[in-house]
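What the coordinates show
For reference, the chains in residue letters:
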Amino acid sequence: MRVVADIPNPHVKITLHSYNNKYILKLEKANLEQIYKIEETEVAGDEGAIALLDEEFIEAVVNRFQDMRDAFVSTVRRNN
């Protein structure tokens, strides 16, 4: 897997990878991560993959991280 770019963002760590004719967007926050696989033919090169990271998408990702954290905290509380 080749790292194409580290994309600066104040809310999450974003890394764009290339592997087996796919772009892999890896977004990380604390101990959580989200991964999106995109066929290279679906976007116009590296810049096309990076362009997907608009404000609305990042907001949805951050909200999903909060939901993931809440779900994990809830299960820890129920099962401890």
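Predicted model, so just to flag it, every value in this text is computed and none were measured. (Residues numbered from 1 in each chain as written. Predicted model: local features only at pLDDT ≥ 70, side-chain atom pairs only at ≥ 80, totals over all residues. Heavy atoms only, no water.)

A few words on the sheet that holds strand 3 (residues 22-29). The sheet built from four strands is open, its strands ordered 1-2-3-4 with antiparallel pairing. Each of the sheet's edge strands pairs with one partner strand only, and the pair in question is strand 1 (2-7) and strand 4 (32-39). Mean inter-strand twist for the sheet, computed between neighbouring axes without regard to direction, equals 20 degrees. In this sheet, strand 2 (residues 13-19) lies alongside strand 1 in antiparallel orientation, the contact comprising five bridges. Of the residues in strand 2, the one forming a bridge with Ala-5 is Leu-16. Packed on one face of the sheet, helix 2 (residues 55-79) meets strand 2, strand 3 and strand 4 and runs near 135 degrees to strand 4. (Pairing = 2+ DSSP bridges. Helix = DSSP H or I, 4+ residues; strand = E, 2+ residues; numbered from the N terminus. Axes fitted to C-alpha atoms, helices over the stretch in contact; angles between N-to-C directions. Contact = heavy atoms within 4.5 Å.)

Ile-14, Leu-25 and Leu-27 are the most contacted members of the largest nonpolar core, which has 16 residues in total. If you list the elements that add at least two residues to this core, you get strand 1, strand 2, strand 3, strand 4 and helix 2. Setting aside residues no more than four positions away along its own chain, Ile-14 makes contact with Ala-5, Asp-6, Ile-7, Asn-9, Leu-25, Lys-26, Leu-27, Leu-53 and Ile-58. (Core = buried A, V, L, I, M, F, W, Y, C linked by side-chain atoms within 4.5 Å. Buried < 20%, exposed > 50% of the residue type's maximum accessible area, 1.4 Å probe, protein only.)

On the surface, a cluster of negative charge is contributed by Asp-54, Glu-55, Glu-56 and Glu-59. Its location among the elements puts Glu-56 in helix 2. The class for Glu-56 is exposed, based on a relative accessible area of 65%. (Patch = residues over 30% accessible without salt bridge, like charges linked within 9 Å, V, L, I, M, F, W, Y side chains within 5 Å. Areas by Shrake-Rupley, 256 points an atom, 1.4 Å probe, with all protein chains shown as cover. Salt bridge = Lys/Arg side-chain N within 4 Å of Asp/Glu carboxyl O. Lys, Arg positive; Asp, Glu negative; His and termini not counted. Charge placed at Lys NZ, Arg CZ, Asp CG, Glu CD.)

As far as function goes, none of this settles anything; it's purely spatial.
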